[in-house]
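One-letter residues, chain by chain:
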Amino acid sequence: MAPRTQDSFLIGLIGAGIGPSLSPALHEREADRQGLRYLYRLIDIDVLGVTPDKVGDLLRAARDLGYDGLNITHPCKQLVIEHLDALSPGAEALGAVNTVVFEEGRAVGHNTDVTGFAASFARGLPDASLDRVVQLGAGGAGAAVAHAVLTLGAGQLTVVDALPDRAADLAASLNRHFGEGRATAAAPDSLRALVAGSDGLVHATPTGMAAHPGLPFAAELLHPGLWIAEVVYRPLETELLRTARALGCATLDGGGMAVFQAVDAFRLFTGREPDSARMLADIAELAGAAEAHA
């Protein structure tokens, strides 16, 4: 991608129910510090009253209106692909796009969820053993973090989901990409035995979010030798993380993934290097303020 020479950017986020998103503030704060004019707008399909399959129309409208790029979130990450001119290798492998860059008349799709989780994990749990990992959740976020975990070198990843077919489909896709036998699917009723014999657990379901409080499984399944990586970042400290820390588990909150996917998207949009340390401080402040006003 050719370096961008402009100092003014118009960016959007397409998704459903995105009013509480911290992405606008996260991007705009970093842009302000870099002396850029940067406007990040929410394009909420719920507010617009359109269905997810209209993402192509929204993409074309944004391009026509002079947007420089878009972030894409649930439920449009797969649907947007057929409307793009090209995909990065990572987005193609995952079959999902969360970042679109408009350049020279082309719309190019990327996925910074995978790189974002990988960067957060490497920073937050640098010494974690990855021989045997269990992942709970095989949805959109689950697919991204599963790719990241195997990219980081996990020996064996077992995917558990309330929808067995979804777990099986993700495991099959991972094996096609990373090699046969790297991933397997398992039923929820096997979670206790799996966690007991694992080095770590990645949690990639909505449980623990402000709208879905609680634990995703019984606390007694946790043991002190286990590390826990969380995808939820609102709140930053979920009940799962609190419970795991009290037991002595090493933990990783979801804020790092939110920041590092934004770091990678910001770089793609602007061609400039963001300061991840400043953005990590931003997410802690923004998430804390959001919780205080909830």
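Residues numbered from 1 in each chain as written. Predicted model: local features only at pLDDT ≥ 70, side-chain atom pairs only at ≥ 80, totals over all residues. Heavy atoms only, no water.

### Focus: the nonpolar core
- Counting residues in hydrophobic clusters, the biggest one holds 32 residues, and the most contacted among them are Phe117, Phe121, Val133, Leu157, Leu174, Val202 and Trp227.
- Broken down by secondary-structure element, the contributors of at least two residues to this core are α5 (112-124), α6 (140-151), β8 (156-160), α7 (164-178) and β11 (227-230).
- The greatest single-element share of this core, amounting to seven residues, is contributed by α6.
- In contact with Leu157, not counting residues within four places along its chain, are Val133, Val134, Gln135, Ala146, Val149, Leu150, Leu174, Arg182, Ala183 and Thr184.
- Within the second largest apolar cluster, 18 residues are counted, among which are Ile43, Val55, Ile72 and Val80. (Core = buried A, V, L, I, M, F, W, Y, C linked by side-chain atoms within 4.5 Å. Buried < 20%, exposed > 50% of the residue type's maximum accessible area, 1.4 Å probe, protein only. Helix = DSSP H or I, 4+ residues; strand = E, 2+ residues; numbered from the N terminus. Contact = heavy atoms within 4.5 Å.)

### A look at the sheet that holds strand β12 (residues 250-252)
- Ordered in space as β9-β8-β7-β10-β11-β12, the six strands form an open sheet in which the pairing is parallel. Edge positions in the sheet fall to β9 (183-186) and β12, since each has one partner strand and no second. When the angles between neighbouring strand axes are averaged without regard to direction, this sheet yields 20°.
- This element, α7, spans β7 (132-136), β8 and β9 of the sheet and lies at about 175° to β9.
- Helix-sheet contacts for helix α9 (residues 239-247) involve β10 (200-203), β11 and β12, and the interaxial angle to β11 is about 165°. (Pairing = 2+ DSSP bridges. Axes fitted to C-alpha atoms, helices over the stretch in contact; angles between N-to-C directions.)

### Remarks on α5
- The end-to-end C-alpha separation of α5 is 18 Å, in line with the 18 Å expected for 13 residues at 1.5 Å each.
- Regarding α5, its N-cap is Asn111, as a side-chain oxygen of that residue lies 2.9 Å from the backbone nitrogen of Asp113 further along. (Expected span 1.5 Å × (residues − 1). Polar contact = N/O pair within 3.5 Å; in protein donor to acceptor, adjacent residues only side chain to side chain.)

### Examining unusual backbone geometry
- Look at the link from His74 to Pro75: it is a cis peptide, with omega at 5°.
- Residue position: Pro75 is located in the loop between β3 (69-72) and β4 (86-87).
- Of the consecutive residues Arg234 and Pro235, the connecting peptide bond is found in the cis state with omega at 10°.
- Along the chain, the position of Pro235 falls in the loop between β11 and α9.
- Phi at Glu104 takes a positive value of approximately 55°, unusual for a residue other than glycine.
- Summarising the element assignment, Glu104 is placed in the loop between β5 (99-103) and β6 (106-110).
- On the basis of relative accessible area, Glu104 is assigned to the exposed category, the value being 72%.

### Comments concerning the pairing of strand β1 (residues 8-15)
- Across the eight residues that make up β1, a large majority, six, are buried.
- Once you follow β1 into helix α1 (residues 23-33) and on to strand β2 (residues 37-44), the crossover reads as right-handed.
- Where β1 lies against β3, four bridges are found, and the strand directions are parallel. Considered in β3, the bridge of Gly12 is made with Leu70. (Right-handed = clockwise from strand over helix to strand, strands pointing away.)

### Quick notes on helix α11 (residues 276-292)
- Across its 17 residues, α11 extends 24 Å between first and last C-alpha, which sits within 8% of the 24 Å expected from 1.5 Å per residue.
- Here α11 has its buried residues at Met279, Leu280, Asp282, Ile283, Leu286, Ala287 and Ala290. Viewed end-on, α11 has its buried residues packed into an arc of 155°, placing them on one side of the element. Exposed side chains of α11 directed beyond 90 degrees from the buried face belong to Ala277 and Ala292.
- Where α11 is buried, its residues meet α1, α5 and α10 (255-270).
- Where α11 begins, the capping side chain belongs to Asp275, and its oxygen is found 3.0 Å from the backbone nitrogen of Ala277. (Arc of directions from axis to C-beta.)

### Quick look at the packing of aromatic side chains
- Counted under the stated rule, the structure contains four aromatic pairs.
- With a centroid separation of 6.0 Å and an interplanar angle of 40°, the aromatic rings of Phe117 and Phe121 are classed as tilted. Taken together, the residues span about one helical turn, with Phe117 and Phe121 both in helix α5 at a distance of four residues. Summarising the burial analysis for this pair, Phe117 and Phe121 share the class buried.
- Judged by centre distance (5.0 Å) and plane angle (75°), the rings of Phe121 and Trp227 are edge-to-face. With Phe121 in helix α5 and Trp227 in strand β11, this residue pair connects regions lying 106 residues apart in the sequence. For the pair Phe121 and Trp227, a shared accessibility class is recorded, and that class is buried.
- Connected via pairs of aromatic rings, a cluster forms that spans Phe9, Tyr38 and Phe266. (Phe/Tyr/Trp six-rings, centres within 6.5 Å; stacked < 30°, edge-to-face > 60°.)

### Concerning the pattern of salt bridges
- Tallied over the full model, the rule gives 15 salt bridges.
- We note a salt bridge from Glu30 to Arg278, for which the minimum N-O separation is 2.9 Å. Taken together, the residues Glu30 in helix α1 and Arg278 in helix α11 connect sequence positions 248 residues apart.
- Judged by relative accessible area, Glu30 falls into the buried class, the value being 0%.
- Relative accessible area serves as the criterion here: at 32%, Arg278 is assigned to the partly exposed category.
- A salt bridge links Asp85 to Arg63; the shortest N-O distance between them is 3.3 Å. (Salt bridge = Lys/Arg side-chain N within 4 Å of Asp/Glu carboxyl O.)

Just geometry here; none of it tells us what the structure is for.
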